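Listed here are the chains, written in short residue letters.
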Amino acid sequence: MKTEVVKITDIRAQQAELARAGKILRGGGLVAFPTETVYGLGANGLDADACANIYAAKGRPSDNPLILHVADRAMVDTIAAEVPAMAEKLLAAFCPGPITLILRRKDIVPDRITGGLQTVGIRMPEHPVARAMIRAAGVPIAAPSANISGRPSPTTAASVLRDMDGRIPLILDGGPCHFGVESTIVDCTEPVATILRPGAITREMLAEVLGGVKLDPAIVGAKTVPKAPGMKYKHYAPDAPMTLLEGPAAKMLPAFRRQIRRLLGEGHRPGVLASTEVTAGLRDILPAERLMDYGPQGDLPTIASNIYEKLIACNDTDADILLGEGTTEQGLGLAIMNRLHKASGFHSIVI
Ligand code: TXA
Ligand code: MG
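Draft legend 1. Quick look at the overall build of the protein chain. In terms of helices and strands, the protein chain carries 11 helices and 16 strands. In terms of overall dimensions, the protein chain has C-alpha extents of about 60 × 50 × 35 Å along its principal axes. Restricting the contact set of the protein chain to residue pairs at least 6 apart, pairs at least 24 apart contribute 68%. A total accessible area of about 14100 Å² is found for the protein chain, and carbon and sulfur atoms account for 54% of it. Across the protein chain, 38 positive and 37 negative side-chain charges occur, with their mean positions spaced 2 Å apart.

Draft legend 2. Region of the structure containing unusual backbone geometry. C95 connects to P96 through a cis peptide bond whose omega is 0 degrees. Position of P96 among the secondary structure elements: in the loop between α4 (85-94) and β5 (99-104). Unlike most non-glycine residues, F346 shows phi in positive territory, near 60 degrees. Of note, F346 is situated in the loop between α11 (333-343) and β16 (348-350). Judged by its relative accessible area of 41%, F346 is partly exposed.

Draft legend 3. Representation of the packing of helix α10 (residues 300-314) against α11 in the model. One can describe the packing of α10 onto α11 by two numbers: an axis separation of 9 Å at closest approach and a directional angle of 20 degrees. Regarding the angle of α10 to α11, the classification is roughly parallel. Considering the relative orientation of α10 and α11, their crossing is left-handed. Where α10 approaches α11, its residues L300, I303, A304, I307, Y308 and L311 are matched on the opposing element by G333, I336, R339, L340 and A343. A class-by-class count of the residues in the contact of α10 with α11 yields 9 nonpolar, 1 polar and 1 charged.

Draft legend 4. Summary view of the sheet that holds strand β15 (residues 321-325). One open sheet accounts for 5 strands, arranged β14-β13-β15-β12-β16; its pairing is parallel. Each end of this open sheet is capped by a strand with a single partner; those strands are β14 (291-293) and β16. Neighbouring strand axes in the sheet, compared pairwise and without regard to direction, differ in orientation by 20 degrees on average. Both strand β12 (residues 242-246) and β16 contribute to a ladder of 3 bridges, which runs parallel. What sits directly across from L244, in β16, is S348. On top of the sheet, helix α8 (residues 249-265) reaches β12, β13 (270-274), β15 and β16; it is set at about 175 degrees to β15, its chief contact. Against the sheet, α10 makes contact with β12, β13, β14 and β15, and its axis sits at roughly 170 degrees relative to β14, the strand it touches most.

Draft legend 5. The arrangement of the site of ligand 1 in detail. Ligand 1 sits among 28 residues. The nearest are T37, N64, H69, S183 and G230. Between ligand 1 and H69 there is a distance of 2.6 Å, counted from an oxygen atom to a side-chain nitrogen or oxygen. At a separation of 2.6 Å, an oxygen atom of ligand 1 approaches a polar side-chain atom of S183. Look at ligand 1: alone it shows 680 Å² of surface, and the protein chains cover 97% of it. Mapped onto the shell around ligand 1, the elements with two or more residues apiece are β4 (67-69), β5, β6 (119-123) and β10 (194-197). If one sorts the elements of the shell around ligand 1 by residue count, β6 sits on top with 3 residues. Class assignment of the residues belonging to the shell around ligand 1 gives a composition of 14 nonpolar, 9 polar and 5 charged.

Quick notes on the rules
Residues numbered from 1 in each chain as written. Chains lettered and ligands numbered in written order. Predicted model: local features only at pLDDT ≥ 70, side-chain atom pairs only at ≥ 80, totals over all residues. Heavy atoms only, no water. Helix = DSSP H or I, 4+ residues; strand = E, 2+ residues; numbered from the N terminus. Contact = heavy atoms within 4.5 Å. Areas by Shrake-Rupley, 256 points an atom, 1.4 Å probe, with all protein chains shown as cover. Lys, Arg positive; Asp, Glu negative; His and termini not counted. Charge placed at Lys NZ, Arg CZ, Asp CG, Glu CD. Buried < 20%, exposed > 50% of the residue type's maximum accessible area, 1.4 Å probe, protein only. Axes fitted to C-alpha atoms, helices over the stretch in contact; angles between N-to-C directions. Parallel < 35°, antiparallel > 145°, perpendicular 65-115°, else oblique. Left-handed = near helix turned anticlockwise from the far one by under 90°. Nonpolar A, V, L, I, M, F, W, Y, C, P; charged D, E, K, R; others polar. Pairing = 2+ DSSP bridges. Near = heavy atom within 4 Å. Polar contact = N/O pair within 3.5 Å; in protein donor to acceptor, adjacent residues only side chain to side chain.

Next comes the structure, spelled out in structure tokens:
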């Protein structure tokens, strides 16, 4: 199959391209599309056979449920059996935006996409191309991130093409994604809302709207089974093993220099995924191509938006071992650290 990449820069002028995407989706085909978090791999969410194509294209385990993307509030009611008060509050405060609500599902949602669960994840993306495409399709769109299962999520059309070339007919290119990490998943089916996956809608923002919010213990590395099935899989990991250095920003550079000297002494070719400050301070001991700069120390929005592309870039180097720089776990830092912990298999050194 030939994969076509179509740049969408003007939604009104490009209605014909969006209508074509809608037609492919209604016909059971797959279309990759931009959202404000990461690129999604879309199919008609009410068509179990169409969704089966997603699992095949990604190599995704079949027990990992898909979330459904809607264009507006009315579409939520077509798939959710009930919208509890806390979910109404979240819809009002954050939708459209980078959040997914777990709600009880209606029977119209195929069993096969929820992995047999009685609940469904619902997300109303803010990206204009995503919204226009869902409207053109006229149905809720099932979409996981548009990567091969286990790899980092793509935040550019080029990264989607790298994983999906030849597997899908169409990629809508809406430029780089704004946030760069997947949506915050909030389970709204219990009396107290629980974050199942941290994202750009932070724990602090949720607590402000809801009063209380819990954190699934699996997020912070506790050895429990996560409630979001996809969170149990190895994910985001670059080819070379990675160790995360965690601690105060001021101690980072000396700690990196110590670790790198040790690794060089052992005959390794270390690579580094770290801040502008740390990578700049390592130029005298490591070649530039093994220094992946994820953004200025403490600039969490920039780090989040770069993290996956930089993880992907690690595989383009000849590094045989990687050192990553941890951030705070406050605010957006919780989402960044969750991805870095998974990418490093929870292998950390506290400095
Ligand atoms: O930002 C995002 O959410 C992106 C864009 C494309 O919208 N999508 C995304 O989908 O990240 P995916 O499939 O890569 O991640 C969805 C996560 C998985 O970990 C899955 O196990 C979990 O949501 N999930 C889906 N349905 C669920 C349910 N009913 N209960 C609990 N977790 C669920
Ligand atoms: Mg994913």
